[in-house]
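Listed below, chain by chain, are the residues.
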Amino acid sequence: MSYSNAAFLNKHTVISDDENTEELQPVSTVALPELGLLLDLQRRMLEIRFFEDEVMRLFMLNLVRGSTHLCTGQEAVSVGACSALREGDTMTCTYRGHGAVLAMGAPLDRTMAEILGKAEGLCRGKGGSMHLTDLSVGALGSFAIVGAHLPFATGAALSAQQLETGAVSIAFFGDATTNIGAFHEALNLAAVWKLPVVFICENNLYGEYSPLASTTPVERLADRAASYAMTAQRVDGNDVLAVRDAVGAAVARARDGEGPTMLEALTYRQKGHSRTDAGAYRPPGELEEWLARDPIARFERLLTEAGVASAAELAELLERAEADVREATERAIAWSEPDAKQRLEDVFA
Amino acid sequence: MSYSNAAFLNKHTVISDDENTEELQPVSTVALPELGLLLDLQRRMLEIRFFEDEVMRLFMLNLVRGSTHLCTGQEAVSVGACSALREGDTMTCTYRGHGAVLAMGAPLDRTMAEILGKAEGLCRGKGGSMHLTDLSVGALGSFAIVGAHLPFATGAALSAQQLETGAVSIAFFGDATTNIGAFHEALNLAAVWKLPVVFICENNLYGEYSPLASTTPVERLADRAASYAMTAQRVDGNDVLAVRDAVGAAVARARDGEGPTMLEALTYRQKGHSRTDAGAYRPPGELEEWLARDPIARFERLLTEAGVASAAELAELLERAEADVREATERAIAWSEPDAKQRLEDVFA
Amino acid sequence: MSELTFREGVTRALAEELERDDRVILLGEDVGAAGGVFQATAGLFDRFGPRRVRDTPISEQAIVGCALGASVTGLRPVAEIMFADFAGVCFDQIANQLAKYRYMTGGQASVPVTIRMANGGGVGFAAQHSQSVENWFLNVPGLKICVPGTPADAYGLLKAAIRDDNPVLVFEHKRLYPERGPVPDDDGLVELGKAAVVRTGSDLTVVATQLMRQRALAAAEVLAAEGIDVEIVDPRTLVPLDLETIVDSVAKTGRLVCVQECPPGGSWGATVVAAVIEQAWESLDLRPRLVSGDETPIPYAGSLEDAWLPSVDRIAGELRDAASE
Amino acid sequence: MSELTFREGVTRALAEELERDDRVILLGEDVGAAGGVFQATAGLFDRFGPRRVRDTPISEQAIVGCALGASVTGLRPVAEIMFADFAGVCFDQIANQLAKYRYMTGGQASVPVTIRMANGGGVGFAAQHSQSVENWFLNVPGLKICVPGTPADAYGLLKAAIRDDNPVLVFEHKRLYPERGPVPDDDGLVELGKAAVVRTGSDLTVVATQLMRQRALAAAEVLAAEGIDVEIVDPRTLVPLDLETIVDSVAKTGRLVCVQECPPGGSWGATVVAAVIEQAWESLDLRPRLVSGDETPIPYAGSLEDAWLPSVDRIAGELRDAASE
Ligand SMILES: Cc1ncc(C[n+]2csc(CCOP(=O)(O)OP(=O)(O)O)c2C)c(N)n1
Ligand SMILES: Cc1ncc(C[n+]2csc(CCOP(=O)(O)OP(=O)(O)O)c2C)c(N)n1
Ligand SMILES: [Mg+2]
Ligand SMILES: [Mg+2]
């Protein structure tokens with residue numbers, strides 16, 4: 001380790017299962033990340049942040065069709081979780097999946113191109129914002145039907161188990177998704193077959209415009225794992241290292257044949273549910289409170305305080321990320337739309 | 001009370017939530033039933049037992065079409081639960097619902113006639129064994145798609161809540177049904193809306209030919225209620241008074257606006273899943289063990305030991321039940337099949 | 001008559017029926033406090049309160065099943081399935097439970113459930129949010145199916161659906177929500193099973209619904225300029241189907257074209273063609289035609305989706321062909 | 001050639017494909033230790049073990065979705081949905097996920113999933129266990145659909161389905177499971193998309209599948225005695241549809257009757273009629289007909305269900321009519 005205050009980095013929050021101990025605790029399961037990795041995490045989060053800003057801008061310019069769902073504020077979950085994977089591992093996510101797909105390593109330009117409906121897009125323009133998929137990096141799909149990908153994730157895990165590849169499957173989903181049938185069926189199947197899968201619930205307090213409490217009486221969603229005798233943990237979803245550690249531990253268990261885990265990452269969607277949503281339902285002060293816990297600003301503070309990087313270095317990182325996203329977007333905009341005939345392709349193999 | 005050993009009757013089993021205290025405990029919540037009622041419970045259980053025997057006999061004679069699913073051995077759940085209801089309350093159940101529908105008070109002859117596909121059948125011969133329904137007694141339906149009736153049961157409860165009828169909705173379902181999506185959605189909806197509904201899981205150890213442990217890692221299904229912050233209790237499903245008490249307490253809570261309850265009644269299906277099933281998957285001795293805990297024989301012992309009725313009186317009760325079922329069956333057999341034209345009726349109101 | 005949008009027609013119908021009958025309730029995801037993702041229930045929560053206008057969890061099976069159970073026990077629920085494509089997650093509840101309950105019980109109860117769903121493509125929502133879902137239910141007897149194409153029909157069919165004692169699926173095309181048109185100020189009920197002859201003509205009968213009704217109308221205007229006189233029939237409900245009006249029109253024109261947004265396989269258009277042939281073979285001078293979407297899922301990119309959906313141009317071309325064959 | 005039952009044809013196909021390719025796995029409710037509710041997987045659990053032949057919970061959404069995810073990552077899953085009607089509870093997984101995955105991802109992966117389902121009526125299982133579920137999926141591009149009518153086709157189509165790199169739904173008619181017939185001892189694959197001309201004749205083309213193919217054959221024998229010569233085409237797969245063979249037959253006979261067990265609305269028969277009209281209008285001497293089940297759910301009682309399903313008598317009557325019109 002080349003940075004000066006490593007112990008500090010270990011003091012990120014793990015929210016324990018006991019309500020009363022939601023405090024800073026050292027995490028021991030995962031080795032301390034290396035310097036390069038720490039900066040990498042920040043760079044990825046910044047890229048996603050800028051990427052989503054660009055998507056919104058393009059949306060306003062009418063260059064993005066349909067709807068789009070930004071993950072702004074939730075970058076630490078995507079980036080922390082995917083950073084705990086290794087090659088061959090797979091990830092499935094939702095319509096709010098730009099960040100997750102980028103965190104797996106999908107190229108900025110082709111991801112943006114897909115959202116713009118370009119022929120060079122990840123899915124040749126057929127999927128769009130809600131269906132970003134890049135098999136080459138293990139991003140197996142973004143699903144637009146709530147909960148529909150959780151059974152899929154068990155299938156990827158079944159392949160890993162059956163073909164003994166050692167791979168682990170992770171799936172991101174929202175708090176409100178825990179109320180749909182497919183969630184229940186997938187977690188039970190994963191548990192009874194001890195599949196190597198990690199279910200990562202991004203609890204951002206809302207499903208569309210409905211606060212969690214209006215759609216379920218359960219507050220601690222991780223508790224639902226008990227219905228499947230499944231290990232579960234709550235984690236601070238705005239702490240990229242905490243997420244990385246928790247996912248890392250779950251992934252390690254899965255690889256060891258110890259079966260699935262459910263993680264509940266507490267986070268916040270800083271933007272509306274989709275483009276049309278101004279967030280009128282938020283109680284006053286809530287957004288501000290969560291902005292103060294912004295995962296990127298927090299990690300930046302941590303990195304400087306721990307002596308990992310100077311403010312100048314971090315500013316440069318930020319500028320590079322912004323420039324990369326800008327250039328990727330320009331490339332994506334310049335690419336052409338698919339030829340109409342292509343709509344008839346890709347139905348059957 | 002006119003019988004001699006009332007205290008004895010109160011010593012039926014309630015299985016507490018603590019694994020280690022599955023022992024006889026006095027139940028206090030519900031008043032001791034009257035003599036007439038006690039004999040009524042036994043009579044109903046006997047009728048159901050004989051009814052199912054008749055169904056099997058008729059099935060073997062090729063007079064029953066398709067498949068049929070007997071509830072032999074589970075009579076105490078149907079009878080105990082439905083005896084805790086009052087007029088206006090409603091019940092939904094499954095393809096294994098002959099007992100539940102009879103326990104609500106559906107007539108023996110028209111119920112048998114439905115199973116025989118007769119025009120006088122409860123459903124004019126359109127539903128058959130798996131869809132017995134008698135709205136006039138609150139038996140709102142037998143559903144043949146696993147779990148599909150649980151949302152329906154919440155709807156009946158919603159009407160009660162909204163129209164302020166004070167009615168309670170109960171639903172019977174099997175252990176393996178707790179693995180399907182509709183179960184999850186229905187319980188959550190009931191909980192978040194605090195609906196007056198009681199979910200009664202008949203844990204008979206198997207879903208078709210699969211033992212519970214092969215399809216879920218959870219052994220205590222009542223624990224699944226925690227996913228909905230719902231009150232739950234396990235109860236000895238072969239003890240008709242225990243079931244009656246537990247359901248009575250849950251129904252009272254529901255009527256008081258305290259919301260839904262899940263009960264897990266431990267019982268055993270003494271026959272195969274359906275007619276074709278010889279039960280090869282049962283471990284040796286298991287059936288015998290459960291036959292020794294037969295709910296009807298047990299209650300008979302209790303009634304004599306408590307001095308409620310003499311052996312002779314109980315023998316007469318049995319004979320009367322047998323004769324009633326026999327006569328009802330004869331009537332049902334004598335009735336005619338529906339005219340082919342009737343198939344075109346009842347699609348739309 | 002007022003000039004309303006399709007969306008406002010829906011909202012007004014709901015408000016009036018909530019007002020008229022206490023047993024009517026609304027339920028669905030974000031239909032309450034938020035006024036619906038398409039704003040079709042805007043204001044109703046404030047006006048009728050949280051017991052009559054109910055926000056639900058994301059649990060479509062529970063929504064539909066709850067509506068069914070409630071209908072049998074005294075309520076008249078109107079459920080919203082936000083995007084019609086989500087009928088996939090509650091297909092059992094609609095096709096196996098709702099559609100069959102009355103029949104399986106030998107007519108013991110009626111089932112006054114209305115399910116509203118946002119339907120159709122053309123807005124860049126891609127394959128899982130753009131389908132013409134009415135076609136999934138054509139082979140499921142026991143359901144009535146409304147496919148309004150104007151604000152007046154959106155209003156009048158929805159009111160009729162809510163008052164009907166049977167399960168009715170109402171498909172609201174999302175491209176039509178902002179469209180304006182006259183809506184009657186009196187009751188304005190549109191009887192289920194009554195087609196509308198939207199445009200009279202003598203050369204060709206076109207049957208079309210929803211967005212395609214609008215595009216067929218535009219195409220007919222193009223052809224009118226060329227001297228081709230197109231009659232357009234909008235069945236407005238697919239079940240019950242007003243075959244008589246269609247057959248009468250074909251008797252006059254001798255030619256039939258069904259214009260639909262969905263792929264041809266298993267489509268309502270194919271059903272109409274087969275039924276017209278059965279009843280009016282002699283009237284047909286030429287082969288009936290289908291103008292349909294492609295036999296592929298619906299693509300996202302504008303260049304692809306625009307080509308996928310029958311456009312006014314393509315429809316005009318096909319009608320020209322059919323008229324001049 | 002061996003003489004096998006339809007059920008044995010299924011089992012043999014599964015056994016051979018499990019043997020042939022390690023990536024093939026079976027999953028479904030009670031398909032393992034118990035050998036399947038219809039005994040179609042009998043013996044496979046003992047032979048291939050619990051990892052290759054997997055009993056699942058009652059979780060059809062998880063079954064289909066798991067199969068999809070596994071197929072994209074290297075396995076070739078064969079899922080059983082015990083009764084086809086249960087496709088209702090996993091309709092989203094089949095229609096929105098399985099059918100569209102390849103398309104939505106721009107062809108990044110192939111989806112070699114086979115779903116076997118027990119289909120159809122005539123056995124007294126009532127409305128929720130008797131439907132002709134193939135009709136639910138006709139308007140869902142992206143799925144291949146097999147509808148075998150003989151032991152040889154049950155065997156040969158299933159093998160072809162398992163080797164196909166696309167989602168294939170295989171409907172096994174439950175009335176046919178005990179039926180016997182010759183099954184080839186070599187590979188015996190039946191190409192998806194190739195109809196069989198089951199009986200040649202010159203007066204009338206009948207298109208029928210599954211149980212109705214058998215009944216149409218029996219009806220054809222009745223008519224043969226009366227001097228009416230019926231040609232019977234079994235498409236064997238509805239998607240892809242071998243329209244060419246049907247059109248060729250109609251070119252010869254000039255008459256078309258589709259015999260199907262389901263209601264007419266949204267049926268494959270209506271689709272075939274519309275497609276034949278499009279391609280072979282000139283060949284048709286008389287109006288094409290549908291012989292179908294009623295537009296009602298399927299009733300339980302024998303007297304009702306027997307009248308509901310097209311019987312040999314009724315089919316013979318309709319064919320006689322069509323031939324002599
Ligand atoms: C089956 C289904 N029902 C409803 C929707 C509409 N919908 C899209 S996102 C969403 C809210 C999901 O909330 P949550 O799971 O918390 O995820 P978040 O959007 O907050 O990331 C809803 C209801 C859908 N896509 N699929
Ligand atoms: C959705 C669905 N899947 C599968 C079935 C077939 N099936 C009927 S009963 C049954 C087992 C149910 O077991 P359980 O819930 O324990 O009830 P029990 O039969 O023991 O009373 C199954 C799998 C069905 N009817 N519906
Ligand atoms: Mg959320
Ligand atoms: Mg059971």
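Up top is the structure.
Computed from a predicted model, the values in this text were never measured in an experiment.

Draft legend 1. Highlighting the overall build of chain A. Helix and strand counts for chain A stand at 11 helices and nine strands. For chain A, the C-alpha radius of gyration of 19 Å lies close to 20 Å, the compact-globule estimate for 349 residues. Reported as C-alpha extents along the three principal axes, the dimensions of chain A are approximately 55 × 50 × 45 Å. Scored against the burial criterion, the 349 residues of chain A give a buried share of 65%. For chain A, the share of sequence-separated contacts (at least 6 apart) that also reach a separation of at least 24 residues comes to 74%. Summing over all exposed atoms, chain A offers an accessible surface of approximately 11700 Å²; the carbon and sulfur share of this is 51%.

Draft legend 2. Region of interest: the interface of chain D and chain C. Of the residues lining the interface, 46 residues belong to chain D; the matching set on chain C comes to 46 residues. In terms of surface lost to chain C, no three residues of chain D exceed D:Tyr103, D:Asn139 and D:Trp281, which account for 18% of the buried area on that side. Scanning the region where chain D abuts chain C turns up zero salt bridges. Between chain D and chain C we count 18 residue pairs in polar contact (both at pLDDT 80 or more) in total. When contributions to the side of chain D that touches chain C are tallied by element, the ones reaching two or more residues are helix H4 (91–98), helix H5 (101–104) and helix H9 (268–280) of chain D. Among the elements that take part in the side of chain D that touches chain C, H9(D) stands out by supplying six residues, more than any other. Split by residue class, the side of chain D that touches chain C holds 24 nonpolar, 14 polar and eight charged.

Draft legend 3. Region of interest: the sheet that holds strand E10 (residues 204–208) of chain D. Residue and element names in this part refer to chain D. Strand order in the open sheet formed by five strands is E9-E11-E10-E13-E14, and the pairing between neighbours is mixed. At either margin of the open sheet sits one strand with a lone partner, and together these are strand E9 (196–199) and strand E14 (289–291). Sheet twist, expressed as the mean angle between neighbouring strand axes with direction ignored, is 25 degrees. Relative to strand E11 (residues 230–234), E10 runs parallel, the two being bridged by four bridges. Along E11, the bridge assignment pairs Leu 204 with Val 230.

Draft legend 4. Up close: the site of ligand 2. In the vicinity of ligand 2, 22 residues are found, and the nearest of them are B:Tyr95, B:Arg96, B:Ala144, B:Thr177 and D:Glu60. Here an oxygen atom of ligand 2 sits 2.8 Å away from a polar atom, N or O, in the side chain of B:Tyr95. The contact in question runs from a nitrogen atom of ligand 2 to an N or O atom on the side chain of B:Glu208, over 3.2 Å. Across the complex, the protein chains shield 97% of the 580 Å² of accessible surface that ligand 2 would expose by itself. Per-class residue counts for the shell around ligand 2 are 11 nonpolar, six polar and five charged.

Draft legend 5. Highlighting the coordination of the magnesium ion (ligand 4). Residues and elements named next belong to chain B. On the protein side, the magnesium ion (ligand 4) has Asp 175 (OD), Asn 204 (OD1) and Tyr 206 (O) as donor atoms, found 2.0 to 2.2 Å from it. Within one chain, the residues serving as donors to the magnesium ion (ligand 4) are arranged as D-x28-N-x1-Y. Linking Asp 175 in the loop between strand E3 (169–174) and helix H7 (181–192) with Tyr 206 in strand E5 (residues 206–207), this pair joins segments that are 31 residues apart in sequence. Accessibility assignment for this pair places Asp 175 and Tyr 206 in one class, buried.

Draft legend 6. Focus on the coordination of the magnesium ion (ligand 3). All names here are of chain A. Donor atoms from the polypeptide that coordinate the magnesium ion (ligand 3) comprise Asp 175 (OD), Asn 204 (OD1) and Tyr 206 (O), at 2.0 to 2.2 Å from the metal. For the magnesium ion (ligand 3), the single-chain donor residues occur in sequence as D-x28-N-x1-Y. Each of the two residues, Asn 204 as well as Tyr 206, counts as buried.

Draft legend 7. How the structure looks around unusual backbone geometry. The omega torsion across C:Val239 and C:Pro240 is -5 degrees, close enough to zero to call that bond cis. One non-glycine residue, B:Lys194, adopts positive backbone phi at about 50 degrees. Of note, B:Lys194 is situated in the loop between H7 and strand E4 (197–203). In this structure, B:Leu205 takes a positive phi of about 75 degrees despite not being glycine. Assignment of secondary structure puts B:Leu205 in the loop between E4 and E5. Exposure remark for B:Leu205: the relative accessible area of 26% places this residue in the partly exposed category.

Draft legend 8. Fine view of a nonpolar patch on the surface. Residues A:Leu61, A:Leu63 and A:Ile333 make up a contiguous nonpolar surface patch of about 250 Å² in total accessible area. Tracing the chain through its elements places A:Ile333 in helix H11 (residues 311–334).

Draft legend 9. Geometry of the interface of chain A and chain B. With 21 residues of chain A at the interface, the matching set in chain B holds 21 residues. A per-residue breakdown of the area chain A buries against chain B is headed by A:His184, A:Pro217 and A:Ser227, which together make up 33% of the total. Put simply, chain A and chain B have zero salt bridges between them. At the surface where chain A touches chain B, the tally comes to 15 residue pairs in polar contact (both at pLDDT 80 or more). Of the residues that constitute the side of chain A that touches chain B, the class distribution is 10 nonpolar, nine polar and two charged.

Draft legend 10. Seen up close, the relation of the copies chain D and chain C. Note on the copies: chain D fits chain C at an RMSD of 0.0 Å, the axial shift is 0.0 Å, and the rotation between them is 180 degrees. Interpreted geometrically, this transformation is the action of a two-fold axis. Measuring from the rotation axis to each C-alpha of chain D, the shortest distance belongs to D:Gly266, at 2.4 Å. Both copies share a contact surface, since 100% of the interface residues of chain D are interface residues in chain C too.

Draft legend 11. The pattern of salt bridges, seen in detail. Residue and element names in this part refer to chain C. Under the definition given, this model contains 96 salt bridges over all chains. A salt bridge links Arg 12 to Asp 185, with the shortest nitrogen-to-oxygen separation between them at 3.2 Å. Here Arg 12, found in helix H1 (residues 6–20), pairs with Asp 185, found in the loop between strand E8 (180–183) and strand E9 (196–199); they are 173 residues apart in sequence, far enough to count as distant. Relative accessible area serves as the criterion here: at 44%, Asp 185 is assigned to the partly exposed category.

Draft legend 12. Main features of the site of ligand 1. The local shell around ligand 1 holds 22 residues, among which A:Tyr95, A:Arg96, A:Ala144, A:Thr177 and C:Glu60 are the closest. Per-site note: the chains with residues close to ligand 1 are chains A and C. Between ligand 1 and A:Ala144 there is a distance of 2.8 Å, counted from a nitrogen atom to a backbone nitrogen or oxygen. For ligand 1, the protein covers 97% of the area, taking 580 Å² as the surface of the free molecule. Residues of the shell around ligand 1, tallied by class, amount to 11 nonpolar, six polar and five charged.

Draft legend 13. Focus on the relation of the copies chain A and chain B. Superposing chain A onto chain B takes a rotation of 180 degrees combined with a translation of 0.0 Å along the rotation axis, leaving an RMSD of 0.0 Å. When the interface residues of chain A are mapped onto chain B, 100% of them again lie at the interface, so the same face is used by both copies.

Draft legend 14. Representation of the packing of helix H2 (residues 35–60) of chain B against helix H5 (residues 108–115) of chain B within the structure. All names here are of chain B. Where H2 meets H5, the axes come as close as 11 Å, and the angle between the chain directions of the two elements is 30 degrees. Relative to H5, the element H2 is oriented roughly parallel. Considering the relative orientation of H2 and H5, their crossing is right-handed. Residues Glu 47, Phe 51, Glu 54, Val 55 and Leu 58 of H2 form the contact with H5, whose participating residues are Leu 108, Thr 111, Met 112 and Ile 115.

Draft legend 15. Here's a closer look at the state of the cysteines. Using the criterion set out here, one finds zero disulfides over all chains in the structure. A:Cys123 takes part in no disulfide bond, and the closest cysteine sulfur, belonging to A:Cys93, lies 11 Å away. No disulfide involves B:Cys201; its sulfur sits 14 Å from the nearest other cysteine sulfur, which is in B:Cys93. Overall, the relative accessible area of 0% leaves B:Cys201 in the buried class.

Thresholds, definitions, all that
- Residues numbered from 1 in each chain as written.
- Chains lettered and ligands numbered in written order.
- Predicted model: local features only at pLDDT ≥ 70, side-chain atom pairs only at ≥ 80, totals over all residues.
- Heavy atoms only, no water.
- Helix = DSSP H or I, 4+ residues; strand = E, 2+ residues; numbered from the N terminus.
- Rg over C-alpha atoms; globule rule 2.2 N^0.38 Å.
- Buried < 20%, exposed > 50% of the residue type's maximum accessible area, 1.4 Å probe, protein only.
- Contact = heavy atoms within 4.5 Å.
- Areas by Shrake-Rupley, 256 points an atom, 1.4 Å probe, with all protein chains shown as cover.
- Buried area = accessible area lost by both parts, 1.4 Å probe.
- Salt bridge = Lys/Arg side-chain N within 4 Å of Asp/Glu carboxyl O.
- Polar contact = N/O pair within 3.5 Å; in protein donor to acceptor, adjacent residues only side chain to side chain.
- Nonpolar A, V, L, I, M, F, W, Y, C, P; charged D, E, K, R; others polar.
- Pairing = 2+ DSSP bridges.
- Axes fitted to C-alpha atoms, helices over the stretch in contact; angles between N-to-C directions.
- Near = heavy atom within 4 Å.
- Donors = N, O, S within 2.8 Å, 3.2 Å for Na, K, Ca; no water.
- Patch = residues over 30% accessible without salt bridge, like charges linked within 9 Å, V, L, I, M, F, W, Y side chains within 5 Å.
- Least-squares fit on C-alpha atoms with pLDDT ≥ 70 in both.
- Parallel < 35°, antiparallel > 145°, perpendicular 65-115°, else oblique.
- Left-handed = near helix turned anticlockwise from the far one by under 90°.
- Disulfide = S-S within 2.5 Å.

Geometric values such as these leave the question of function open.
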